[in-house]
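Letter by letter, the chains look like this.
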Amino acid sequence: MDLGTVSNKIQNGQYENADEFEREVRLVFHNCYLFNPEGTVVNMMGHRLEAVFNEKWEKRPITPVTPPPQSESEEEEEEEEETEFNVDINSITDPTIDFLVANIERMSQDLNRMRQEKYDQMKKEWLATRKKKTSNRRKGGKKKKTSNSKTNGHSNSSSNNIYPTHVTYDMKKEISDAMATINEKMLKNVINIIKRSVPDLGDDEEIELDMDQLDNDTLLKLYEYIVQGKKESVNKRKKKGLSEEKKIENLKKKLEKFEQVNKDESESDDDGEDDLSDESSEEE
């Protein structure tokens, strides 16, 4: 049962009295609340529409009392007198019917208007949320550009901490190759990382594990720990080696300067002795 059916039945004169009409309208609201739980948009609109109906129903004009039914004999006499009854049912009207038809049309308009208002409100909220997200993304992009321009000297180290969101085939190959070169301590840590993803993994010394059995997050952690960690360790050793070479080179330079100073001093001492010998020979 819906309001469209109620409207058609009124126009077709299928209601014998106003009480029958009211029962079916109440049934429409009952079904609305039955199939649309409290808090839903349709449920709230149904309550608002029912409030409008109650207000209009209290102000309806009073329908004249229906006369008592005629006896069968009287009906037979009327049927005999009237040879043909030719009345268009759609033309039948009275104050109550006119009132009900007008209110049904008005309620339908109110329902459509309430739906449009709710639609416009939901669309406005959605657009505001979308605009806010877009604004936040733009601000985040500007902050990233600013931080990158201020930290050019650390750009290489910071870029090493950025990983893809999905592990590629090449990354899996790097993990597999790096597994063959890790030490015992790293192997224990690797097993712990894998067990978080595969809790049923046994504690045997030899573990056969297909790389495709691991989820993407676990593979990213393995890549970060084994591959990227190994690269960072190699870079640290290179930097340390370079710093040691630089220290040795500086030490050599200091020794060369020290030797040069000693050489200059020895040459000046030799020149002084030659001068003294020359002076003594002249006096003789």
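Look a little higher up for the structure.
Residues numbered from 1 in each chain as written. Predicted model: local features only at pLDDT ≥ 70, side-chain atom pairs only at ≥ 80, totals over all residues. Heavy atoms only, no water.

Colleague: Just checking my understanding: could you explain the overall build of the protein chain for this structure?
Modeller: Scanning the protein chain for helices and strands turns up nine helices and zero strands. Reading the helices (α) and strands (β) of the protein chain from amino to carboxyl end gives α-α-α-α-α-α-α-α-α. For the protein chain, buried positions account for 17% of its 284 residues. A sequence separation of at least 24 residues applies to 68% of the contacts in the protein chain between residues at least 6 apart. Here the protein chain has roughly 23,000 Å² of accessible surface; of this, 50% comes from carbon and sulfur atoms. (Helix = DSSP H or I, 4+ residues; strand = E, 2+ residues; numbered from the N terminus. Buried < 20%, exposed > 50% of the residue type's maximum accessible area, 1.4 Å probe, protein only. Contact = heavy atoms within 4.5 Å. Areas by Shrake-Rupley, 256 points an atom, 1.4 Å probe, with all protein chains shown as cover.)

Colleague: Help me understand the environment of W57 in this model?
Modeller: Locating W57 in the fold gives a position in helix α3 (residues 41–58). W57 sits 46 residues away from N103 along the chain, and the two C-alpha atoms are 9.0 Å apart. Sequence-distant contacts of W57, defined by excluding residues within four places in its chain, comprise A18, F21, E22 and L100.

Colleague: What should I look at first to understand a nonpolar patch on the surface in this one?
Modeller: A surface patch of nonpolar side chains, amounting to about 400 Å² of accessible area, comprises F85, V87, I89 and I92. Within the secondary structure layout, I89 lies in the loop between α4 (72–81) and α5 (95–150). Residue classification places I89 among the partly exposed residues on the basis of a relative accessible area of 38%. (Patch = residues over 30% accessible without salt bridge, like charges linked within 9 Å, V, L, I, M, F, W, Y side chains within 5 Å. Salt bridge = Lys/Arg side-chain N within 4 Å of Asp/Glu carboxyl O.)

Colleague: What am I meant to see in a positive patch on the surface here?
Modeller: A surface patch of positive charge is lined by R130, K133, R137 and R138. Looking at the secondary structure, you find K133 in helix α5. (Lys, Arg positive; Asp, Glu negative; His and termini not counted. Charge placed at Lys NZ, Arg CZ, Asp CG, Glu CD.)

Colleague: Hey, could you run me through the nonpolar core in this one?
Modeller: One recurring pattern in soluble globular proteins: nonpolar side chains tend to sit buried together. Membership of the largest hydrophobic core comes to 19 residues, with the highest contact counts inside it found for V6, I10, F21, L49 and F53. Mapped by element, the contributors of at least two residues to this core are α1 (3–11), α2 (18–35), α3 and α5. The element contributing the most residues to this core is α5, with six residues. In this view, V6 contacts M1, Y15, F21, E24, V25, V28 and I104; residues no more than four positions away in its chain are not counted. Among the nonpolar cores identified, the runner-up in size contains 16 residues, and M171, I175, I182 and I226 belong to it. (Core = buried A, V, L, I, M, F, W, Y, C linked by side-chain atoms within 4.5 Å.)

Colleague: What am I meant to see in the packing of α2 against α3 here?
Modeller: Angle between the axes and distance between the axes are the two parameters that describe a pair of packed helices. Where α2 contacts α3, the axes come no closer than 9 Å and their chain directions differ by 160°. Considering the angle they form, α2 stands roughly antiparallel to α3. In the packing of α2 onto α3, the handedness of the crossing is left-handed. Only V42, N43, G46, H47, L49, E50, F53, N54 and W57 of α3 make contact with α2, whose side of the interface consists of A18, F21, E22, V25, R26, F29, C32 and Y33. Residues of the contact of α2 with α3, tallied by class, amount to 10 nonpolar, four polar and three charged. (Axes fitted to C-alpha atoms, helices over the stretch in contact; angles between N-to-C directions. Parallel < 35°, antiparallel > 145°, perpendicular 65-115°, else oblique. Left-handed = near helix turned anticlockwise from the far one by under 90°. Nonpolar A, V, L, I, M, F, W, Y, C, P; charged D, E, K, R; others polar.)

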